[in-house]
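Listed below, chain by chain, are the residues.
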Amino acid sequence: MGVPNNSGSQNITANIIFNLAHLGLSIEDTKTFDLNTYFEIIELEMNVISGKQGNRRAKQQDIDAFLL
């Protein structure tokens, strides 16, 4: 069963598309993202906006997790 087509779900979809575009990610590039990946990306962006950036260098494991 699909998501009901109401204004609430349309607003959520519009917000997701806006957030992805703001981050420089195209819809095509994110077709294989699951919601957990999306929320992790948004959490990282919120940390940057709020100034909670970490100064940790990426490890190969981080890169692999991002690409897989």
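Criteria and thresholds
Within every chain, residues take consecutive numbers counted from 1 along the sequence as written. A pLDDT threshold of at least 70 governs which residues receive local features in this predicted model, and a stricter bar of 80 or more applies before side-chain atom pairs are shown or counted, although totals over entire chains, interfaces and linings include all residues. Hydrogen atoms and water are omitted, and side-chain values are computed over all heavy atoms in the structure. A run of H or I in DSSP counts as a helix once it spans at least four residues, and a run of E counts as a strand once it spans at least two, with each numbered from the N terminus. The method behind every accessible area is Shrake-Rupley, applied with a 1.4 Å probe, and residues are considered shielded solely by the protein chains displayed. Here, expected helix span is obtained from the residue count minus one, scaled by 1.5 Å. Scored from 0 to 100, pLDDT reflects the predictor's confidence in each residue. The patches described consist of residues with a relative accessible area above 30% and no salt bridge, like charges being joined within 9 Å and nonpolar side chains (Val, Leu, Ile, Met, Phe, Trp, Tyr) within 5 Å. Salt bridge, as used here, is a side-chain nitrogen of Lys or Arg placed within 4 Å of a carboxyl oxygen of Asp or Glu. For each residue, the accessible area found with a 1.4 Å probe, counting protein chains only, is set against the maximum for its type, and the residue is called buried under 20%, exposed over 50%, and partly exposed in between.

**Digging into the overall build of the protein**
So, step 1. Secondary structure assignment for the protein yields three helices and zero strands.
So, step 2. When the helices and strands of the protein are listed from N to C terminus, the series reads α-α-α.
So, step 3. About 6,100 Å² of surface is accessible on the protein, with carbon and sulfur atoms providing 57% of the total.

**So, helix H2 (residues 35-50)**
So, step 1. An ideal rise of 1.5 Å per residue puts 22 Å on 16 residues; H2 measures up with 22 Å between its terminal C-alpha atoms.
So, step 2. Gly51 lies just past H2 and shows a positive phi near 85°.

**Some points on the confidence of the model for the protein**
So, step 1. Chain-level pLDDT for the protein is 79 on average; 87% of the residues reach the 70-or-more range.
So, step 2. The element-level mean pLDDT for the protein is lowest in helix H1 (residues 7-22), coming to 78, with helix H3 (residues 60-67) highest at 85.

**Examining a nonpolar patch on the surface**
So, step 1. On the surface, Ile63, Phe66 and Leu67 cluster together into a nonpolar patch covering about 350 Å² of accessible area.
So, step 2. Position of Ile63 among the secondary structure elements: in helix H3.
So, step 3. By relative accessible area, Ile63 is classed as partly exposed at 37%.

**Points about the environment of Ile17**
So, step 1. Locating Ile17 in the fold gives a position in helix H1.
So, step 2. Residue class for Ile17 comes out partly exposed when judged on its relative accessible area of 42%.
So, step 3. Taking C-alpha positions, Ile17 is 7.2 Å from Ile27, a pair spaced ten residues apart along the chain.

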